[in-house]
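Close look at the chain arrangement
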Amino acid sequence: MSDRHDLAEFDFHGKALDTIFDDYETMHESKPVGHSSKYGGFWYISKSDDIFNAEQDPDTWAVGPSMLLPSFGTSMPLIPIDIDPPAHAGFRKLLLPMFTPMAINKLEPGMHTTAEQLAGEVQTAFQQNDVVDVSAAFARPYPTIIFSRLAGYPEADWPMFDQWIDDIIYERTKSPEKAEAAGDDLIAYVQRLIADMRNGGSGHGIMGELLDAQVDGRPLTDDELISYGYLLFLAGLDTTAWAIRSSLWYLAGNKEAQQLLRKESDRIPDAAEEFLRTLSPVQAMARTCKQDTTVSGQEIKAGERVVLVFGAGNRDPEVYEKPNDIDITRENNRHLAFGGGIHRCLGSNLGRKELVISLEHFLATIPEFELAEDAPWHGVGSLRIRLTGGN
Ligand code: HEM
């Protein structure tokens, strides 16, 4: 069959996301493993089983020098995402108690209050405006506020976080200097925060816990603390904002789905899983091949860069019936949106809960809505909607 898209330049950032689902179909039909010349060259792996297997085999697939391709505004390895065994386990272990289901359940009352408040603000905005950008008013502030609370960052500081994230994540392919400048600001912010916590002894939240933590019987160095702080910013905010925004994007175009979820809100968790599967906020993450190997018949040599395309695995026709259909009633929906293996997302309990709670309050507060103008499904850019007058 003809390549609808030239996979020799396969990309998973920015404008490339407009047509990425077509790329995935081509991969699944004819080229499950292939080479792209982007970002210094990498092999992509698209089949769900191949990705799961790679996730289980860190001896062959290292995360160093970085899982992030291209880098996220800094060349320092980010803890724990860019750390390979044996050091990885000790660094990850320090974060585990803060992300257990029980720890996240404790945040739930505050998560409801904040979602209700932001949905109320969107409702008020509709009293004065026909069109409201619910990305700016709802999808972005919600996870940023919840995360700031959890991490121990002053909540008043959160509006500047989103600008750094835009520059680091979304400008890095177009303007690496801008991403680096934002990265430097973010590092300076975390440095100040650590110094304040040390001086005042009032450390709290994740950063407070890390300040008192030990790895291999010693306290963390300042560089390690900064690396944790940097990674958590980038892992915890934009991903969840993207998940909320893309779910609202889908619902804006599907009034029956809105009606069903308003009437039967206990279906929202299944719908959320389907949005995560089909519109995954993290479409792909990089690895480095450590020893010559073969994947789906393709030889890959030690030292070559590889990208695990979670978004493609999530649309693998060998795993999912009608993989490209967004079926909000789909059950037993095991997917790769949170990765897998030793680096599986630590914030999955939190991200899931934020997505479900935010959708519950949005749908309970805002009557039937639709897109006011075309908007891409991806990213955290504006999402302007208007009310239809229906329920
Ligand atoms: C819907 C929201 C989210 C999605 C889709 C997501 C997705 C991911 C993915 C794909 C990975 C890489 C996994 C791998 O390569 O196997 C990851 C790692 C990680 N995520 Fe998330 N994430 C989300 C929310 C969060 C939140 C809210 C936090 C924390 C506040 C967080 C913290 C982390 C950390 C610390 C890692 C690195 C784990 C390690 O290397 O051991 N994530 N996430």
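This text follows the structure it describes.
Residues numbered from 1 in each chain as written. Predicted model: local features only at pLDDT ≥ 70, side-chain atom pairs only at ≥ 80, totals over all residues. Heavy atoms only, no water.

Using the criterion set out here, one finds 24 aromatic pairs in the structure. Measuring from ring centre to ring centre gives 6.1 Å for Phe91 and Tyr228, while their planes differ by 70°; the resulting arrangement is edge-to-face. Pair noted here: Phe91 is in helix H3 (residues 87-99) and Tyr228 is in helix H11 (residues 222-236), with a separation of 137 residues, a long-range link. Under the relative-accessibility criterion, Phe91 is labelled buried at 9%. Among the aromatic residues, ring-to-ring pairing joins Phe147, Tyr153, Phe161, Trp164, Tyr189 and Phe233 into one connected group. Just above the ring of Phe21 sits the side chain of Arg315; from NZ or CZ to the centre is 3.6 Å. (Phe/Tyr/Trp six-rings, centres within 6.5 Å; stacked < 30°, edge-to-face > 60°. Helix = DSSP H or I, 4+ residues; strand = E, 2+ residues; numbered from the N terminus. Buried < 20%, exposed > 50% of the residue type's maximum accessible area, 1.4 Å probe, protein only. Lys NZ or Arg CZ within 6 Å of the ring centre and 35° of its normal.)

Right, let's talk about the side chain of His361 for a bit. Within the secondary structure, His361 is located in helix H16 (residues 348-365). Since its relative accessible area comes to 15%, His361 is described here as buried. Side chain to side chain, His361 and His112 meet in a polar contact 2.8 Å long. With residues up to four places along the chain from it excluded, the contact list for His361 reads His112, Ala115, Glu116 and Ala119. (Polar contact = N/O pair within 3.5 Å; in protein donor to acceptor, adjacent residues only side chain to side chain. Contact = heavy atoms within 4.5 Å.)

Moving on: helix H14 (residues 268-278). Counting buried positions along H14 gives nine out of 11 residues, so the element sits mostly inside the fold. For H14, the full list of buried residues reads Ile268, Ala271, Ala272, Glu273, Glu274, Phe275, Leu276, Arg277 and Thr278. Its buried side turned inward, H14 meets helix H1 (20-30), helix H12 (238-252), helix H13 (255-263) and H16.

On to the pairing of strand E1 (residues 33-36), then. Here E1 runs beside strand E2 (residues 42-45); their pairing, made up of four bridges, is antiparallel. Bridge pairing in E2 links His35 to Trp43. Hairpin remark: E1 followed by E2, antiparallel, with five residues in the connecting loop; positive phi at Tyr39, about 50°. (Pairing = 2+ DSSP bridges.)

Glancing now at the site of the ligand. Taken together, 30 residues surround the ligand, and among them Glu55, His88, Arg92, His343 and Cys345 come closest. A distance of 2.8 Å separates an oxygen atom of the ligand from a polar side-chain atom of Glu55. At 2.8 Å, a side-chain N or O of His88 approaches an oxygen atom of the ligand. Tallied by class, the residues present in the shell around the ligand amount to 18 nonpolar, eight polar and four charged. (Near = heavy atom within 4 Å. Nonpolar A, V, L, I, M, F, W, Y, C, P; charged D, E, K, R; others polar.)

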